[in-house]
Amino acid sequence: MTLATLFVLCRFVHFTAVMLMFGIGLFTALLSPQRLSALLSRDLRPWLAASTLVAAVSAVALLAVQAGQMGDGWQDTYQWDVWLAVLGTTFGEVWRWHLALSALSLAALWLPLRLRAGASALLGGLLLISMAFIGHAAMHTGLLGTLHRVSHALHLLAAGYWFGSLLPLLVCLRYLHPAAWRAEAVSTLIRFSRWGHLAVAVVLITGVLNSLMIVGGWPLDVSSPYQRLLLIKSALVLLMVGVALTNRYAVVPAMRSVPNLAQRGVVWACWSELALGGAVLLLVSLFATYAPN
């Protein structure tokens, strides 16, 4: 495996883990009523711990890969002096904060259950925001650069809510059947849907803005590998939107008439969105290694 391939895989794993950490924390801390939140926190504890650990390990792995790419290959991926050199670059200035936030996220796993989800949501959000200061989002300076970073940070937060909340949503669906929990589960789903509309809108609007700022305008040049991958990513996102809208406005209303069939439809839709979202994150990790033009 080449360092370039490992870089793409590490980015994919890191994005996925951070978004899951953010989504799980946000879902249990803010979307769920207090009684149900305690149950969801218990059920999702292994997932939150795993995503936080993977996020921290992949953050260090990305630093090591950058060291190898900046140095002379694999032998420099574990050289401390090369790591320090990388941490002195523009990327490294941001990544020092990113590593510190990752360490705090691990420490937050030892907090009491009622505080853990909120801390994970906050730290996961800060990790997502910090990633708006590296890569193509950092290509501009001045007012345009500030606008691009703000837009990209909002894009990552909205995508983190959308993608990261799908796993806790699947867990929450299990509480629709027990009568004691049905009302609170329905309330949680309504809150998720309400904020989900906003998240999807923000993803689409900021995605268009970010693309325009990176490639410099329309139409896209299909001879550019970056722009071809960007078109594929856009198509997958629109497919996710289609699945989400079908789920919200066709499947969910059917719960009154055919509850069991409709719930299976919601589960299928969530897994479909997770698969499509994973494909989008893989593409994002891949085309970060290409020049926009």
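Note that this is a predicted model, so its numbers are computed, not measured.

For the rest of this paragraph, the subject is the overall build of the chain. Looking only at helices and strands, the chain has 10 helices and zero strands in total. Scanning the chain from its N terminus toward the C terminus, one meets helices and strands in the order α-α-α-α-α-α-α-α-α-α. The C-alpha atoms of the chain give 20 Å as radius of gyration, which agrees with the globular expectation for 293 residues (19 Å, within 12%). Each of the three principal axes of the chain carries a C-alpha extent, and together these read 60 × 50 × 40 Å. Measuring between centres, the 17 positive side-chain charges of the chain sit 20 Å from its 8 negative side-chain charges.

Another aspect to go through is the nonpolar core. Membership of the largest hydrophobic core comes to 73 residues, with the highest contact counts inside it found for M19 and L40. In this view, L40 contacts F27, T28, S32, V171, C172 and Y175; residues no more than four positions away in its chain are not counted. Counting 17 residues, the second-largest nonpolar core is a separate cluster that includes C10, L87, F91 and I134.

Attention shifts here to the pattern of salt bridges. Two side chains that carry opposite charge are able to pair once their charged atoms sit near each other. In total, this model carries three salt bridges according to the counting rule given. Where D43 meets R42, a salt bridge forms, and the shortest distance between an N and an O atom there is 2.9 Å. Note on R42: relative accessible area 44%, which makes it partly exposed. Residue D43 pairs with R174 through a salt bridge whose shortest N-O separation is 3.5 Å.

Residues M1, L9, W74 and L282 make up a contiguous nonpolar surface patch of about 410 Å² in total accessible area. Within the secondary structure, L9 sits in helix α1 (residues 3-31).

Now for the UniProt feature "transmembrane region" (unreviewed entry) in the chain. On the UniProt side, "transmembrane region" (unreviewed entry) is annotated at positions that read residues 12-32, 44-65, 94-113, 120-139, 159-177, 198-220, 226-245 and 266-291 here. Split by type, residues 12-32 is 95% helix and 0% strand. Its first and last C-alpha atoms lie 28 Å apart. The distance from the first to the last C-alpha atom of residues 159-177 is 29 Å, and the span holds 74% helix and 0% strand.

Right, let's talk about the packing of helix α4 (residues 90-108) against helix α5 (residues 113-130) for a bit. Viewed as axis vectors pointing N to C, α4 and α5 meet at an angle of 165°, and their least axial separation amounts to 10 Å. On the basis of the axis angle, α4 is roughly antiparallel to α5. When you trace α4 past α5, the crossing you get is left-handed. Where α4 abuts α5, its residues V94, H98, L101, S102, L104, S105 and A108 lie against R116, A119, L123, L126, L127 and S130. Tallied by class, residues from the contact of α4 with α5 come to eight nonpolar, four polar and one charged.

All right, on to the packing of helix α7 (residues 166-173) against helix α8 (residues 179-215) then. At a minimum axis separation of 10 Å, α7 and α8 run at an interaxial angle of 155°. In terms of axis orientation, α7 runs roughly antiparallel to α8. When the axes of α7 and α8 are compared, the crossing they make is left-handed. For the pair formed by α7 and α8, the contact residues are L169, C172 and L173 on the first element and A185, T188, L189 and F192 on the second. Of the residues that constitute the contact of α7 with α8, the class distribution is six nonpolar, one polar and no charged.

What helix α3 (residues 80-87) keeps buried is the set V82, W83, V86 and L87. Take α3 and look down its axis: the buried residues cluster within an arc of 145°, on one side only. Where the residues of α3 are buried, they touch α2 (34-70) and α4.

Topologically, V54 is positioned in helix α2. A C-alpha to C-alpha distance of 8.4 Å links V54 and V18, two positions 36 residues apart in sequence. Ignoring any residue separated from it by four or fewer positions in sequence, one finds V54 in contact with V13 and A17.

Taken as a whole and assessed by the stated rule, the structure comprises zero disulfides. Residue C172 stays outside any disulfide, its sulfur separated by 10 Å from that of C270, the closest cysteine. The exposure class assigned to C172 is buried, which follows from its relative accessible area of 0%.

It is worth spelling out the packing of aromatic side chains at this point. Per the stated rule, a full pass over the model turns up five aromatic pairs. Each member of the aromatic cluster is reached from another via a ring pair, and the members are F27, Y161 and F192. The ring of Y249 is capped by R248, whose NZ or CZ atom sits 4.9 Å from the centre of that ring.

Turning next to the side chain of Q66. With respect to the helices and strands, the residue Q66 is situated in helix α2. Take Q66: its relative accessible area is 18%, and that puts it in the buried class.

Criteria and thresholds
- Residues numbered from 1 in each chain as written.
- Predicted model: local features only at pLDDT ≥ 70, side-chain atom pairs only at ≥ 80, totals over all residues.
- Heavy atoms only, no water.
- Helix = DSSP H or I, 4+ residues; strand = E, 2+ residues; numbered from the N terminus.
- Rg over C-alpha atoms; globule rule 2.2 N^0.38 Å.
- Lys, Arg positive; Asp, Glu negative; His and termini not counted.
- Charge placed at Lys NZ, Arg CZ, Asp CG, Glu CD.
- Core = buried A, V, L, I, M, F, W, Y, C linked by side-chain atoms within 4.5 Å.
- Buried < 20%, exposed > 50% of the residue type's maximum accessible area, 1.4 Å probe, protein only.
- Contact = heavy atoms within 4.5 Å.
- Salt bridge = Lys/Arg side-chain N within 4 Å of Asp/Glu carboxyl O.
- Patch = residues over 30% accessible without salt bridge, like charges linked within 9 Å, V, L, I, M, F, W, Y side chains within 5 Å.
- Areas by Shrake-Rupley, 256 points an atom, 1.4 Å probe, with all protein chains shown as cover.
- UniProt positions renumbered as here; feature names shortened; annotations may be inferred.
- Axes fitted to C-alpha atoms, helices over the stretch in contact; angles between N-to-C directions.
- Parallel < 35°, antiparallel > 145°, perpendicular 65-115°, else oblique.
- Left-handed = near helix turned anticlockwise from the far one by under 90°.
- Nonpolar A, V, L, I, M, F, W, Y, C, P; charged D, E, K, R; others polar.
- Arc of directions from axis to C-beta.
- Disulfide = S-S within 2.5 Å.
- Phe/Tyr/Trp six-rings, centres within 6.5 Å; stacked < 30°, edge-to-face > 60°.
- Lys NZ or Arg CZ within 6 Å of the ring centre and 35° of its normal.

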